[in-house]
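Examination of the molecular architecture
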Amino acid sequence: MQNLIDIEKITTETIGDTSYKLLIGGEWQTAAGNSTFPVDNPATGVVLSSVPDAGVRETQAAIDAASAALPGWSETPALARAALLRKVAALMLERRERLATIMTLEQGKPLSEALGEVAYAASFLSWFAGEAERIYGQVVPASAGNKRILVLRQPIGVVAMITPWNFPAAMLTRKLGPALAAGCTVVCKPAEQTPLSAIELGKLFVEAGAPAGVVNIITCQDPVPFSETIFKDDRVRMVSFTGSTEVGKLLIKQSAETVKRVSLELGGNAPFIVFDDADLDAAVQGAIDSKFRNAGQTCVCANRILVQAGIYQRFAEAFTKKVIELKVGNGLQPGTDIGPLIDLPARTKVERHIANATQGGARVLTGGTPWTGAAGREGTFWTPTVLADVTPDMLVSVEETFGPVAPLISFTHEDEAIRIANDTPYGLAAYFYTRDVSRVFRVAEKLEYGIIGANDALPSTAQAPFGGVKQSGLGREGGSFGIDEYLEVKYISIGL
Ligand code: SIN
């Protein structure tokens, strides 16, 4: 199957001889001593390109550039800021094939999903272009007749962004859109596994006429010097991060030193509940869509599938049948549903979860082993797996698997499902399927999560506030709430 496409040719034609550089103050720059690190294709292990390995000096230069650009950008009329965002969104859609191919090459997701992600990423720029035009203040009635009170919303300042590898474009634009719309300038650090998509976006900002220093991009293999530099610097007023809860907690601690605002999109442990009265076909398809998007590597993926006893058997059979049909392979291969995992540690976690579940009495309905059909590096592909008879105390139910493994847990009563669903320190996304409209409201209100999909397995969209409660994060991205993160409130009391 892998011979049907020539991956090497696609890589050369798409990436070509592009030498990727840092974007600092509107200039493309190398790191000190020309230091670089390789970026490889998780499907094949082949090195795609190299990018600069920046350190403290380059991070400092990027903060200098962002600070210098701040007065000009924050005073640029909202309509002009919006126009830049719309232009970049249009360029992204125009170059969709190229951006998606690079994303699949460095991240592994199927090309169809990468194409979808480019459109999703562009939608955050378009949405926040509109929000830039609606940063309204207030006139508040004063307590004295000779006073007037005005409330302004102003950009918070320079923002540092640390983005993950699972959505190399969308997680960046979900931060860039509101930050730039608000009038902030930014220093971005994409994940070391997937920096190419971020640099490609940087190129589009330059092409669209972003003033020098408004968008700066730093790539580095070791995130620690970057993170220490931004947290020490008083000029950086906010850090926006998407990634693990473990790292998020460290960033909260680091933010204390200079009292920075932090916006954190962290880990999840999404329950996907199927009630007896659900539309079975819709629930099965929803579970496939939610669980196997990006090979199970999303923070909002169904992590535990809770099925009511009366429908359990039929659901397990229909779901397993569809899982067996999923096509694993290189994401560039047409028809691929499941690409590789990002790296070998990701596979180890999947193996550990499956072993723990089967040792505890879970049954493998399909999968359970590495997928060996792909040419190239062995080991990053995993056969889509369904486990039955899983219990809520197994690792696969307690930890975020971040892989193509679907554990099925049986429950009897609605209250029991809600109890199991809420019994986690996480609270990002939860899903449930039912045809009972009263239950829709009852269950949605009781689930302790920031995002609820009621008969909807793919709720993410630019217009809605994405974010979690409990240890899944702080703040919201997207929707009209998303821009608030990047604004300070100031009031002016005027004596007449
Ligand atoms: C994530 O996995 O963090 C993002 C997923 C989404 O935007 O739907």
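Residues numbered from 1 in each chain as written. Predicted model: local features only at pLDDT ≥ 70, side-chain atom pairs only at ≥ 80, totals over all residues. Heavy atoms only, no water.

1. Concerning the overall build of the protein chain
- Summing up its helical and strand segments, the protein chain has 15 helices and 22 strands in all.
- Sorting the 496 residues of the protein chain into buried and exposed places 56% on the buried side.
- A separation of at least 24 residues holds for 74% of the contacts in the protein chain among residues at least 6 apart in sequence.
- Carbon and sulfur atoms form 54% of the exposed surface of the protein chain, whose accessible area is close to 19,200 Å².
- Looking at charge distribution, the protein chain has the averaged site of its 45 positive side-chain charges lying 5 Å from that of its 54 negative ones. (Helix = DSSP H or I, 4+ residues; strand = E, 2+ residues; numbered from the N terminus. Buried < 20%, exposed > 50% of the residue type's maximum accessible area, 1.4 Å probe, protein only. Contact = heavy atoms within 4.5 Å. Areas by Shrake-Rupley, 256 points an atom, 1.4 Å probe, with all protein chains shown as cover. Lys, Arg positive; Asp, Glu negative; His and termini not counted. Charge placed at Lys NZ, Arg CZ, Asp CG, Glu CD.)

2. A closer look at the layout of surface pockets
- What the largest pocket holds in volume is close to 1,100 Å³.
- Lining of the largest pocket is provided by 36 residues; of these, W165, F241, G243, S244 and V247 occupy positions nearest its centre.
- Those elements that provide at least two residues to the lining of the largest pocket are helix 8 (223–232), strand 10 (236–242), helix 9 (245–255) and helix 12 (344–359).
- Of the residues forming the lining of the largest pocket, the biggest block, six residues, is contributed by helix 9. (1 Å grid on protein atoms, 1.4 Å probe; cavity = no way out; pocket = protein on both sides within 12 Å on 5 of 7 lines; lining within 4 Å. Points joined across faces, edges and corners; volume = space filled by probe spheres on them.)

3. Some details on the packing of helix 14 (residues 414–422) against helix 15 (residues 437–446)
- Where helix 14 meets helix 15, the closest approach of the two axes is 10 Å, and the angle between their N-to-C directions is 30°. Relative to helix 15, the element helix 14 is oriented roughly parallel. In terms of crossing hand, the pair formed by helix 14 and helix 15 is right-handed. Of helix 15, the residues touching helix 14 (which contributes E414, D415, I418 and N422) are R439, R442, V443 and K446.
- Its residues assigned to classes, the contact of helix 14 with helix 15 shows two nonpolar, one polar and five charged. (Axes fitted to C-alpha atoms, helices over the stretch in contact; angles between N-to-C directions. Parallel < 35°, antiparallel > 145°, perpendicular 65-115°, else oblique. Left-handed = near helix turned anticlockwise from the far one by under 90°. Nonpolar A, V, L, I, M, F, W, Y, C, P; charged D, E, K, R; others polar.)

4. Points about the sheet that holds strand 22 (residues 487–495)
- Strand order in the open sheet formed by three strands is 5-6-22, and the pairing between neighbours is antiparallel. The sheet is open, and its two edges are formed by strand 5 (138–140) and strand 22, each paired on a single side. Neighbour to neighbour, the strand axes of the sheet diverge by 25° on average, direction disregarded. (Pairing = 2+ DSSP bridges.)

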